[in-house]
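Breakdown of the fold
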Amino acid sequence: MQTVKMVVTGPFNSGKTEFIKSVSEIAPVFTERKISSEAEKVKATTTVAMDFGRITVDDDLVLYLFGTPGQRRFDFMWEILSEGMLGFIVMVDSTRPETFREARNILETFRAYAPTPYVVAANKQDMEDAWDLDDMRITLRLDAKVKLLPCVATDKEAVKNVLLELLYSILEEMESGKGR
Amino acid sequence: MPLKGNLKDISITQVLNLVHVAQKTGTLTVERQNEKAYTAFLGGKLAFAQYGQEDSSLPAILYRAKKITASQYRVIQEKARSVSDKELGLLMVNANYISQQDILASLQMHCIAVINRLFTWAEGIFQFENDILPPDGKIPVRVNLENIIIEGTRRMKELEQLQDEIPSLDIALKFANRPGTNIKDKKLNVDEWKVISYISPRNSIKQIAAATKLSDLEIRRVVYTLLQAGLVELIRPEGAAIPVPIRPAIPNATHEEQTGLIHRLINRIRSI
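Okay, so let's go over this structure. Fair warning: this is a prediction, and the values are worked out from it, not measured in the lab.

What counts as what
Positions within a chain are numbered from 1, following the residues in the order the chain's sequence is written. Chains and ligands are labelled sequentially in the order written, the chains with letters from A and the ligands with numbers from 1. Local features are withheld for residues below a pLDDT of 70 in this predicted model, meaning they are given only at 70 or higher, and side-chain atom pairs are given and counted only at 80 or more; totals for whole chains, interfaces and linings count all residues. The side-chain quantities take in all heavy atoms of the structure and omit both hydrogens and water. Strand pairing is assigned whenever DSSP detects at least two bridges linking the two strands. Each helix is a run of DSSP H or I of at least 4 residues and each strand a run of E of at least 2, with the numbering of both proceeding from the N terminus. Geometry is summarised by axes, namely lines fitted to C-alpha atoms with helices restricted to the contacting stretch, and by angles between N-to-C directions that run from 0 to 180 degrees. A 1.4 Å probe that fits but cannot get out identifies a cavity on a 1 Å grid over protein atoms alone, an open set with protein on both sides within 12 Å along at least five of seven lines counts as a pocket, and a residue lines either if it has an atom within 4 Å of a point. Grid points are joined across faces, edges and corners, and a volume is the space filled by probe spheres set on the points. Side-chain classes are defined by residue name, with Ala, Val, Leu, Ile, Met, Phe, Trp, Tyr, Cys and Pro counting as nonpolar, Asp, Glu, Lys and Arg as charged, and the others, Gly among them, as polar. What makes two residues a contact is simply this: any of their non-hydrogen atoms within 4.5 Å. Accessible area that two parts lose when put together, with a 1.4 Å probe and added across both, is what the buried area reports. Each reported salt bridge corresponds to a side-chain nitrogen of Lys or Arg within 4 Å of a carboxyl oxygen of Asp or Glu. Under the rule applied, a polar contact is a pair of N or O atoms within 3.5 Å (in protein, one hydrogen donor and one hydrogen acceptor; residues adjacent in sequence only if both atoms are side-chain atoms).

Here we look at the sheet that holds strand β2 (residues 26-32) of chain B
Residues and elements named next belong to chain B. Taken together, the 5 strands give an open sheet; going across it, the order is β1-β5-β2-β3-β4, and neighbouring strands pair in antiparallel fashion. The sheet is open, and its two borders are formed by β1 (3-6) and β4 (45-51), each paired with just one other strand. This sheet shows a mean twist of 15 degrees between the axes of neighbouring strands, independent of strand direction. Where β1 meets strand β5 (residues 125-130), 4 bridges bridge the pair, whose relative direction is antiparallel. From the neighbouring strand, lysine 4 faces β5, where its bridge partner is glutamine 127.

What follows is the structure, encoded as structure tokens:
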């Protein structure tokens, strides 16, 4: 049995857990705790170690989706989680521009850990106050080549699209690196 | 026993506050990598400062403060090489060459500038030794530390924010490829123009800072302004280590096996 993994990262409350929940075939293993910090009491609980969801491909292959803890004090976990990943998804809450800077920092950190392909998912695009993708791209300073995808983490089709786009990027990377 | 520690554990503002509140007399030495700053305090007030091997003689300080010209600086250096700063200052004031206020203001500016550099140090070994006075022959100033600490705290906060924006100075800059943008039309300040003149994929921000003699805070401030204005973009410097190519999903698998695996994943995701 082969197992491969992708990492879903992003700032606190960006929708990582929901994203995994939408496509995982098992009830994802969540490690959530009540939030203690006043500043981060946007929601009642947060992921403190990692979430993981599973997608069985066939008898020989399983894909695991790992969600990173959103709060910075758990970022010691990131390097461990990024080890051996196929690629990663950076979730950004489109309605909370105050988290964009942190999203970019997380992206840079993960790129430094493992230069694997990645996509950026602009979550909560169904919300009225969601930022436009073009504006987010400028603010997040994403290169035109980086895929910034609209997403609603509770919508399975939107989540599938993000995963597929990441897989296409991985495939492209493999094709372009064939001669290396 | 000297007071010792690392700025990453106790910030420079905390150290200065301690000196200020306890009205300490002594010298504070702060070191990191190849840099060293030496400051002296009298009764909790800043009295003297020297940054590394930078010339902190009175003529050099007056020249940097534009109180004397380059030729005056050269003449004074030649003729008064063996004269102490105290004697030289007295001679210059008596000869109506410069006022006492100008000398003191220039020395204060110099000392504050040295301390301000320390606010950009996230870490560095510091040591405070009680009762060691400024070197003989130097003119001590009396600068209250309160305002320096307040300003320093602001600078540290600003630096923290800028470090978030520009986490590394090992990256390079390139001009943004935006049609219709003419940099000549932009109202840039002197430091910004200086930095602009060094922008090249070959130069890291750190190298530009060294060439333009800007501190970490100053270079970050300039780069941030240029980034915000959309004039430049961050890039990996030419010649820098290229990131390792994508790691195989399955170690020891052939290219065909790798791509086959990704196709299987794609088909599975599509079918969910």
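Considerations on empty space enclosed by the protein
All names here are of chain B. Scanning the model with the defined rule gives 2 cavities of 30 Å³ or more in all. A volume near 60 Å³ is recorded for the largest cavity. As for the largest cavity, its lining consists of Ala47, Phe48, Ser56, Ile61, Asp85, Leu107, His110, Cys111, Lys138 and Ile139. Here the element with the most residues in the lining of the largest cavity is helix α5 (residues 100-118); it accounts for 3 residues. Taken together, the residues of the lining of the largest cavity sort by class into 6 nonpolar, 2 polar and 2 charged. As a volume, the second largest cavity reaches approximately 30 Å³.

Quick word on the interface of chain B and chain A
With 30 residues of chain B at the interface, the matching set in chain A holds 37 residues. In this assembly, chain B packs against chain A so that about 3,000 Å² is buried in total across both faces, 64% of it on carbon and sulfur atoms. Counting every contact that joins chain B to chain A gives 2 salt bridges. Close ionic contact of Asp58(A) with Arg264(B) constitutes a salt bridge, the shortest N to O distance being 3.1 Å. Applying the counting rule to chain B against chain A returns 6 residue pairs in polar contact (both at pLDDT 80 or more). Put simply, the parts of the chain that give the side of chain B that touches chain A at least two residues each are α6 (145-165), α9 (216-228) and α10 (255-271) of chain B. At 13 residues, the largest contribution of residues to the side of chain B that touches chain A is made by α10(B). Here the side of chain B that touches chain A is composed, by residue class, of 16 nonpolar, 6 polar and 8 charged.

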